[in-house]
Amino acid sequence: MSSARRNTSPVASADPAGIDAMTNQLGSPHIVSSYEQDLQQLSDMITRMGGMVENQLALAVTSIINKDMEAANRAIDIDPAIDALETEIQQFIVRLLALRQPVAIDLRMVLSALKITSDLERIGDYSKNVAKRGIVLNQFSLPFSLTGLAHMGQLVQQNMKTIIDAVGENDTSRAEEVWRSDTAIDDMYNAIFRELITYMMEDPRDITPCTHLLFIAKNLERIGDHATNIAETVFYTVSGHPLPDERPKSDNTSYMVARPSPDATS
């Protein structure tokens, strides 16, 4: 999240809007230039972590759609570096809070960085899980197309790219775009869930690969949810207030019931 040049004097009102108003009115840089450098370093670290996670997700999706085991292994191998960077960022934030005592938008930015890194780390874990299941799926010859899953993977990757750009540029419009587009990912997940259940009911030999594909689709859906979390965090950090509407959500797989066709029971 980029760091604009601000005054963070604690003499302003405790009200966030009042503090931000004074900050914007003064428009002067931080008194201590190293503080500005710390905030920029934090922004750079978040952007770097986002890029690593975005790359890991792309490798994981490629491993599924193209049966690319090299991509799967690379996605798995990236994960420890992402975890290490999360720890580094957390330690940096603790030091920043203790030494700089940020206020106003600076405080929101620093605290939001903790939430964003947590979401990015979880996205990395889900991407790793997708890649692991891709290795298992490579043992099977699937009698059906993965077009729907490929489309879902593309939607999730696009949301990831957009939200990482929003984080780097403090762009609330892009954050809101990601927030609203999560419904399309949920709809895709619902369709894939029904499709895979149908395949398993029609041929028990497909149960194992379809089960792995169900987990992969759910992992992608959860990645979309975490991207939405980041979108909400970015919007609040920049604007000082949460998004006004209730989060759009259309995943209804928890209520789906699979029933065999009459022909199957006769």
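The chain has the name Phosphate-specific transport system accessory protein PhoU homolog in an unreviewed UniProt entry, where Granulibacter bethesdensis is given as its organism. Checking UniProt for the chain, the heading Function (unreviewed entry) contains the comment "Plays a role in the regulation of phosphate uptake." The record in UniProt for the chain states the following under Subunit (unreviewed entry): "Homodimer."

Caption draft 1: Structural context of the nonpolar core. Core analysis: the largest hydrophobic core is formed by 65 residues, its most contacted members being Leu 42, Met 160, Ile 163 and Leu 220. Only helix 2 (33-65), helix 3 (69-100), helix 4 (104-137), helix 5 (147-169), helix 6 (172-202) and helix 7 (207-239) provide two or more residues apiece to this core. With residues up to four places along the chain from it excluded, the contact list for Met 160 reads Val 53, Glu 54, Leu 57, Leu 120, Ile 123, Ile 223 and Ala 227.

Caption draft 2: Inspection of helix 5 at higher detail. Counted at 1.5 Å a residue, the expected span for helix 5 with its 23 residues is 33 Å, and the 33 Å between its end C-alpha atoms agrees. Of the residues making up helix 5, those classed as buried are Leu 149, Ala 150, Met 152, Gly 153, Val 156, Asn 159, Met 160, Thr 162, Ile 163, Ile 164, Ala 166 and Val 167. Asn 170, located one to two residues past helix 5, shows a positive phi value of around 50 degrees.

Caption draft 3: How the structure looks around the packing of aromatic side chains. Counted by the stated rule, this structure contains two aromatic pairs. Ring geometry for Phe 144 against Tyr 199: centres 4.2 Å apart, planes inclined by 10 degrees, an arrangement best described as stacked. Separated by 55 residues along the polypeptide, Phe 144 in the loop between helix 4 and helix 5 and Tyr 199 in helix 6 bring together distant segments of the chain. You can call Phe 144 buried: its relative accessible area is 11%. Geometrically, the ring pair formed by Tyr 189 and Phe 193 is edge-to-face, given 6.2 Å between the ring centres and 65 degrees between the ring planes. Taken together, the residues Tyr 189 and Phe 193, both in helix 6 and four residues apart, mark about one turn of the helix. For Tyr 189, a relative accessible area of 5% corresponds to the buried category. Over the ring of Tyr 236 we find Arg 108, and its NZ or CZ is 5.8 Å from the ring centre. In this structure, Arg 122 is placed above the aromatic ring of Tyr 126, and the distance from its NZ or CZ to the ring centre is 4.8 Å.

Caption draft 4: The arrangement of the packing of helix 4 against helix 7 in detail. Two numbers describe how helix 4 lies on helix 7: the axes approach to 9 Å, and their chain directions differ by 170 degrees. Considered as vectors, helix 4 and helix 7 are oriented roughly antiparallel to each other. Split by residue class, the contact of helix 4 with helix 7 holds 19 nonpolar, ten polar and six charged.

Caption draft 5: Inspection of the packing of helix 5 against helix 7 at higher detail. Contact geometry for helix 5 and helix 7: axes closest at 10 Å, N-to-C directions at 20 degrees. By the angle class used here, helix 5 and helix 7 are roughly parallel. The element helix 5 and its partner helix 7 pack so that their crossing is left-handed. Of helix 7, the residues touching helix 5 (which contributes Leu 149, Met 152, Gly 153, Val 156, Met 160, Ile 163, Ala 166 and Val 167) are Leu 213, Ile 216, Ala 217, Leu 220, Glu 221, Ile 223, Gly 224, Ala 227, Ile 230, Ala 231 and Val 234. Grouping the constituent residues of the contact of helix 5 with helix 7 by class yields 16 nonpolar, two polar and one charged.

Caption draft 6: Layout of empty space enclosed by the protein. Taken as a whole and assessed by the stated rule, the structure comprises three cavities of 30 Å³ or more. Lining the largest cavity we find Phe 144, Ser 145, Leu 146, Thr 147, Gly 148, Leu 149, Ile 192, Glu 195, Leu 196, Tyr 199 and Leu 213. For the lining of the largest cavity, the elements supplying multiple residues, two or more each, are helix 5 and helix 6. Ranked by residues supplied to the lining of the largest cavity, first place goes to helix 6 with four residues. Split by residue class, the lining of the largest cavity holds seven nonpolar, three polar and one charged. What the second largest cavity holds in volume is close to 40 Å³. Lining of the second largest cavity is provided by Val 61, Ile 64, Ile 65, Val 130, Leu 149, Ile 216 and Leu 220. At the level of elements, helix 2 and helix 7 are the ones that each hand at least two residues to the lining of the second largest cavity. Broken down by element, the lining of the second largest cavity gets its largest block of residues, three residues, from helix 2.

Rules used in this analysis
Residues numbered from 1 in each chain as written. Predicted model: local features only at pLDDT ≥ 70, side-chain atom pairs only at ≥ 80, totals over all residues. Heavy atoms only, no water. UniProt positions renumbered as here; feature names shortened; annotations may be inferred. Core = buried A, V, L, I, M, F, W, Y, C linked by side-chain atoms within 4.5 Å. Buried < 20%, exposed > 50% of the residue type's maximum accessible area, 1.4 Å probe, protein only. Helix = DSSP H or I, 4+ residues; strand = E, 2+ residues; numbered from the N terminus. Contact = heavy atoms within 4.5 Å. Expected span 1.5 Å × (residues − 1). Phe/Tyr/Trp six-rings, centres within 6.5 Å; stacked < 30°, edge-to-face > 60°. Lys NZ or Arg CZ within 6 Å of the ring centre and 35° of its normal. Axes fitted to C-alpha atoms, helices over the stretch in contact; angles between N-to-C directions. Parallel < 35°, antiparallel > 145°, perpendicular 65-115°, else oblique. Nonpolar A, V, L, I, M, F, W, Y, C, P; charged D, E, K, R; others polar. Left-handed = near helix turned anticlockwise from the far one by under 90°. 1 Å grid on protein atoms, 1.4 Å probe; cavity = no way out; pocket = protein on both sides within 12 Å on 5 of 7 lines; lining within 4 Å. Points joined across faces, edges and corners; volume = space filled by probe spheres on them.

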